[in-house]
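What follows is the residue order along each chain.
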Amino acid sequence: LVTAPPVAPARTGSAAPSPAAAYDSLRTLRESRPPEAQPLVSASQLDPALAAALSAAGCNFDVPTTMRAAARTFLAHPTPSLIFAFLALTLWARAAIGAPLGAADMVAAAATSVAWWVQEWWLHDRLLHSSRAWYGQLMHRAHHDLPFFHVSIDAPRIAACWFCAVALLAAAGAGAGALPAPVCASSLAAYTLWGLVYEWSHFIAHTRVPLRGHWARVRAHHTLHHVHSDEHWLAFCVPALDGMFGTRPRPAEVARTAGGRQGVEDGRPRRAGPRRQLWFSWARAARDGRAVPAAGG
């Protein structure tokens, strides 16, 4: 078992220690583990007292092992239901506009899809793994501190705030005449759909469900991000995007770091910014006579 400093005792009469005490203990454990230690992937590797404290703090280590169980767990969580509702609302809004689907809708949906994939990488790298402590970075650090296998779905308040903000932007764009209302509605529907795909992809990657094909590649890619280097393998729905931004090295090419460590915080210099990484990636491809950067790992 991996032991950690004792979790702060609960006050008399309380059922469990505070979530902050449990996570502080887990963080101390993470920081004390050398990079060459066995990756922390299962709650069974933790001291039972720490695992119990984390469970009491809301962590769910009862990950599904079959696709049917995964679907039940996913659909029982309020966030997917909320995104389904947002998706239904955007599709209803598009139908209510009345204009027939056309090439402009298809182009808008395709452009929005690409924008989601790039946004996914950028937000993960620049904000969630920022060297500055803020709410999103602290939440994401806690996610990295946990053993890899745990039920991981964003909180409903995060999804609600995010999609409401995007919907307001789309409505403002249509109202200002920047784009026709049907195109804005189609773009918003595509954006919402990718949000649902992301939630499922991230959730299923952190389970023990046997996966094949694309989903198996997503899990392998994301596992490297958690257990090998949190500065690489940042894309999700389309792992190949990391090849474009220079963040998909072969594992042997980068030093292994403990999960959840954040750039400047542990003394490691930050990787070059995305523009510079993209230039280096394409420059290496041109040097080697390749059309696109090699996707290692």
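You'll find the structure just up there.
Here is a short report on the structure shown in this document. (Residues numbered from 1 in each chain as written. Predicted model: local features only at pLDDT ≥ 70, side-chain atom pairs only at ≥ 80, totals over all residues. Heavy atoms only, no water.)

Let us now look at the overall build of the protein. Scanning the protein for helices and strands turns up 11 helices and 0 strands. Along the protein, helices (α) and strands (β) appear in the sequence α-α-α-α-α-α-α-α-α-α-α when read from the amino end. For the protein, with 297 residues in total, the buried portion stands at 45%. When contacts within the protein are restricted to residue pairs at least 6 apart in sequence, those whose partners lie at least 24 apart make up 72%. Approximately 15000 Å² of the protein is accessible, and the part contributed by carbon and sulfur atoms is 66%. (Helix = DSSP H or I, 4+ residues; strand = E, 2+ residues; numbered from the N terminus. Buried < 20%, exposed > 50% of the residue type's maximum accessible area, 1.4 Å probe, protein only. Contact = heavy atoms within 4.5 Å. Areas by Shrake-Rupley, 256 points an atom, 1.4 Å probe, with all protein chains shown as cover.)

Let us look at the packing of helix 4 (residues 78-97) against helix 8 (residues 181-205). Across the interface, helix 4 lies against helix 8 with an axial gap of 9 Å and an inter-helix angle of 160°. The orientation of helix 4 with respect to helix 8, classified from their angle, is roughly antiparallel. Here the hand of the crossing between helix 4 and helix 8 comes out left-handed. Seen from helix 4, the contacting residues are T79, P80, I83, F84, F86, L87, T90, L91, R94 and I97; seen from helix 8, they are A181, P182, A185, S186, L188, A189, T192, L193, G195, L196 and E199. (Axes fitted to C-alpha atoms, helices over the stretch in contact; angles between N-to-C directions. Parallel < 35°, antiparallel > 145°, perpendicular 65-115°, else oblique. Left-handed = near helix turned anticlockwise from the far one by under 90°.)

Here the focus is the packing of aromatic side chains. Following the criterion strictly, the structure yields 10 aromatic pairs and no others. Here the aromatic rings of F163 and Y191 are separated by 6.1 Å at their centres, their planes lie at 75°, and the arrangement is edge-to-face. One end of the pair, F163, is in helix 7 (residues 156-175); the other, Y191, is in helix 8, and 28 residues separate them in sequence. Using a relative accessible area of 10% as the deciding quantity, one classes Y191 as buried. Taken together, F86, W116, F163 and Y191 form an aromatic cluster joined through their ring pairs. Sitting over the ring of F149, R208 keeps its end group 4.1 Å from the ring centre. (Phe/Tyr/Trp six-rings, centres within 6.5 Å; stacked < 30°, edge-to-face > 60°. Lys NZ or Arg CZ within 6 Å of the ring centre and 35° of its normal.)

Quick look at the environment of L128 now. Tracing the sequence through the fold places L128 in helix 5 (residues 103-128). When the C-alpha atoms of L128 and L138 are compared, they prove to be 8.0 Å apart, with 10 residues separating the residues in sequence.

Take the nonpolar core next. In a soluble, globular protein the nonpolar side chains are often hidden away together inside. Ranked by size, the top nonpolar core spans 24 residues in total, and within it A70, F74, F163, W200, F203 and I204 carry the most contacts. Those elements giving two or more residues to this core turn out to be helix 3 (67-76), helix 4, helix 7 and helix 8. The greatest single-element share of this core, amounting to 7 residues, is contributed by helix 8. Membership of the second largest hydrophobic core comes to 13 residues, among which are A22, L26, L46 and L50. (Core = buried A, V, L, I, M, F, W, Y, C linked by side-chain atoms within 4.5 Å.)

To continue, consider helix 4. With 20 residues, helix 4 extends 29 Å from end C-alpha to end C-alpha; this agrees with the ideal 28 Å at 1.5 Å per step. Taken together, the buried positions of helix 4 are T79, P80, I83, F86, L87, T90 and R94. The arc that holds every buried residue of helix 4, seen down its axis, measures 120°, which confines them to one face. Away from its buried face, by an angle of more than 90 degrees, helix 4 presents the exposed residues W92, A95 and A96. (Expected span 1.5 Å × (residues − 1). Arc of directions from axis to C-beta.)

For the pair helix 1 (residues 19-32) and helix 2 (residues 48-56), interaxial distance at closest approach is 9 Å and the crossing angle is 135°. Put simply, helix 1 runs oblique to helix 2. In terms of crossing hand, the pair formed by helix 1 and helix 2 is left-handed. Between helix 1 and helix 2, the contacting residues are A22, Y23, S25, L26 and L29 on the first element and L50, A53 and L54 on the second. Within the contact of helix 1 with helix 2, the residues separate by chemical class into 7 nonpolar, 1 polar and no charged. (Nonpolar A, V, L, I, M, F, W, Y, C, P; charged D, E, K, R; others polar.)

Looking now at the side chain of S186. Its location among the elements puts S186 in helix 8. Residue S186 is classed as buried on the basis of its relative accessible area of 11%. A distance of 3.1 Å separates a polar atom in the side chain of S186 from a polar atom in the side chain of R94. Leaving out residues up to four positions away in the same chain, S186 has contacts with R94, L101 and D105. (Polar contact = N/O pair within 3.5 Å; in protein donor to acceptor, adjacent residues only side chain to side chain.)

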